[in-house]
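Examination of the molecular architecture
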Amino acid sequence: MRIRSCAVLACVLALACAGTASASVKGPVRPQAKFLTSAVKQKLQTNGAIGVKVGSEALNTECPGVQNPGVSAGGCIVAPYGCTANFIFTDGSSQYVGTARHCTDNIGQEVTMQVDTTTIAVVGTVAKMTSGDGEPGNDWALIKIDPAVAAKWGVDPAMPVIGGPQGVYTGCGPTPVFHYGHGYGVAVGQGKVEGGLATNVYDDGYGWTGVGAPGDSGSGVLTSPGGPAIGDFTHLIVDLGAYPGSDQAGTRITKILSQFNVSLVNADGSTTGAAATSCGKAPS
């Protein structure tokens, strides 16, 4: 079940006030865009890689902030849920764009993204995903990019505003973290850079103190602007055991590179393969 923004925030506050020892909720996603009517969905199917033009006001409301051209790292996902893409990946023959597991429902599901300032398109289908069970550290999905979409619109591995990624972070923290998301809060605002400090870093997940808005789920997280990737943003968290002091959390990219047998495509087009960490597991 997808928990929308108000319900998520209310739940987190309630848990905090109740002194719950260990609890988390998946990060806030936006409901599907109002402009995705049945007629628009049919046009998406009919037009294929060409996509569908959307009024700039409507698209900018659903996808606030900077959008790099094409299928982009840090791009805006409008369906099946309103989320943010993280990074571009490759297995040597196919290209993938990542997001949070809870931003999708199942393998084979089509994913629609913004591909330029006025156009949305079905960019591909979910090809790989974690089970999504349990606490942070198990929440990632990869969408296989349609070669026709890649040829028409391009694939951009660079993130908006903050640049990167460049390599992967294999340390155990504490470390600064930065992410760029297309989320918005009570009032519609621009997509934005958020920062924080990760103080709970494990082999599969990590937690930090920072800010997230509905639609930021899936965002790629770096340890410095233009620098190494550490993972994605997936959870709002209140966990005095495994993640003391953290209010956000995600899955480590090092786990995903190994689990899915893919390489990260860096902003400069180079690739970084699987890398080991020795940070231990989050206490149960």
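Everything that follows concerns the structure shown earlier in this document.
These figures come from a predicted structure and were not determined experimentally.

Those residues of helix 5 (residues 253-260) that sit buried are Ile253, Thr254, Ile256, Leu257 and Phe260. Here the buried residues of helix 5 occupy an arc of 165° about the axis, which is enough to place them on one side. At the exit of helix 5 stands asparagine 261, carrying a positive phi of roughly 55°.

What the rule picks out here adds up to 3 disulfides. The residue that forms a disulfide with cysteine 83 is cysteine 103, at a sulfur-sulfur distance of 2.1 Å. Taking the sign of the S-S torsion, -90° for the link of cysteine 83 and cysteine 103, the bridge is left-handed. In this pair, cysteine 83 is assigned in strand 5 (residues 83-84) and cysteine 103 in the loop between strand 7 (95-99) and strand 8 (110-116), connecting sequence segments 20 residues apart. Taking the relative accessible area as the measure of exposure, cysteine 83 reaches 0% and is therefore buried. Using a relative accessible area of 1% as the deciding quantity, one classes cysteine 103 as buried.

Further remarks concern the environment of histidine 182. The topology assignment puts histidine 182 in the loop between strand 12 (175-181) and strand 13 (192-201). For the pair histidine 182 and glycine 65, spaced 117 residues apart in sequence, the C-alpha separation works out to 6.3 Å.

Another aspect to go through is the pattern of salt bridges. With the rule as written, the count across this model stands at 1 salt bridge. A salt bridge links arginine 30 to glutamate 62, with the nearest nitrogen and oxygen atoms 3.7 Å apart. Remark: glutamate 62 occurs in helix 3 (residues 56-62) and arginine 30 occurs in the loop between strand 1 (22-26) and helix 2 (38-47); sequence separation between them is 32 residues. Here arginine 30 matches glutamate 62 in class, with each residue buried.

Moving on: the side chain of aspartate 139. One can find aspartate 139 in the loop between strand 9 (119-129) and strand 10 (141-145). What makes aspartate 139 buried here is its relative accessible area of 1%. Polar contacts involving the side chain of aspartate 139 include one to the main-chain amide nitrogen of arginine 101, which spans 2.7 Å. Polar contacts involving the side chain of aspartate 139 include one to the side chain of histidine 102, which spans 2.9 Å.

Reading the values: rules and limits
- Residues numbered from 1 in each chain as written.
- Predicted model: local features only at pLDDT ≥ 70, side-chain atom pairs only at ≥ 80, totals over all residues.
- Heavy atoms only, no water.
- Buried < 20%, exposed > 50% of the residue type's maximum accessible area, 1.4 Å probe, protein only.
- Helix = DSSP H or I, 4+ residues; strand = E, 2+ residues; numbered from the N terminus.
- Arc of directions from axis to C-beta.
- Disulfide = S-S within 2.5 Å.
- Salt bridge = Lys/Arg side-chain N within 4 Å of Asp/Glu carboxyl O.
- Polar contact = N/O pair within 3.5 Å; in protein donor to acceptor, adjacent residues only side chain to side chain.

Geometric descriptors of this kind do not, in isolation, establish any biological role.
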